[in-house]
Amino acid sequence: KMEEIVKGIADAGVKVCVVGGTVSEMALHFIERYGMLCLRIGSKWELRRLCVATGATALVRLGAPTPDEMGYCDRVQQKEVGGR
């Protein structure tokens, strides 16, 4: 069941999945298998800000988004701030 859900999301053209809650180990396994990136944002305000910036709609259902619900950005990158 989980593989079908993640496959449907990947088939919709999603490359990065941004979530506000927890993601199960099984879901992460299939997300990695389909070459997607999963980003967890703990703050619902930051999640809303990201949705506005990318033109996406925050979904409460689990499944493939419609093209109108998906956002877009040119690139996603990780930047380390601080550290040693």
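Shown above is the structure to which this text applies.
Just so we're clear, the structure is a prediction, and the values are computed from it rather than from any experiment. (Residues numbered from 1 in each chain as written. Predicted model: local features only at pLDDT ≥ 70, side-chain atom pairs only at ≥ 80, totals over all residues. Heavy atoms only, no water.)

Undergrad: Could you give an account of the environment of Glu32, with specific residues and numbers?
TA: Relative to the helices and strands, Glu32 is located in helix α2 (residues 25-33). The class of Glu32 is exposed, set by a relative accessible area of 65%. Distance from Glu32 to Gly82, taken between C-alpha atoms, is 28 Å for residues 50 residues apart in sequence. (Helix = DSSP H or I, 4+ residues; strand = E, 2+ residues; numbered from the N terminus. Buried < 20%, exposed > 50% of the residue type's maximum accessible area, 1.4 Å probe, protein only.)

Undergrad: If you had to explain the pairing of strand β1 (residues 16-19) to someone new, which residues and values would you point to?
TA: Residues of β1 alternate between two faces, with Cys17 and Val19 buried on one and Val16 and Val18 left unburied on the opposite face. Pairing of β1 with strand β2 (residues 37-40), which is carried by four bridges, proceeds in the parallel orientation. Paired with Val18 across the two strands is Leu39, which belongs to β2. In this fold, β1 hands off to α2, which returns the chain to β2; that crossover is right-handed. (Pairing = 2+ DSSP bridges. Right-handed = clockwise from strand over helix to strand, strands pointing away.)

Undergrad: Explain the nonpolar core to me, and be specific about the residues and the numbers.
TA: Counting residues in each nonpolar core, the largest one holds ten residues, listed as Ile5, Val6, Ile9, Ala10, Val14, Cys17, Val19, Phe30, Ile31 and Met36. Looking at which element gives the most residues to this core, the answer is helix α1 (residues 2-11), with four residues. Look past the residues within four positions of Met36 in its chain and what remains in contact with it is Val6, Ile9, Ala10, Val14, Lys15, Cys17 and Ile31. (Core = buried A, V, L, I, M, F, W, Y, C linked by side-chain atoms within 4.5 Å. Contact = heavy atoms within 4.5 Å.)

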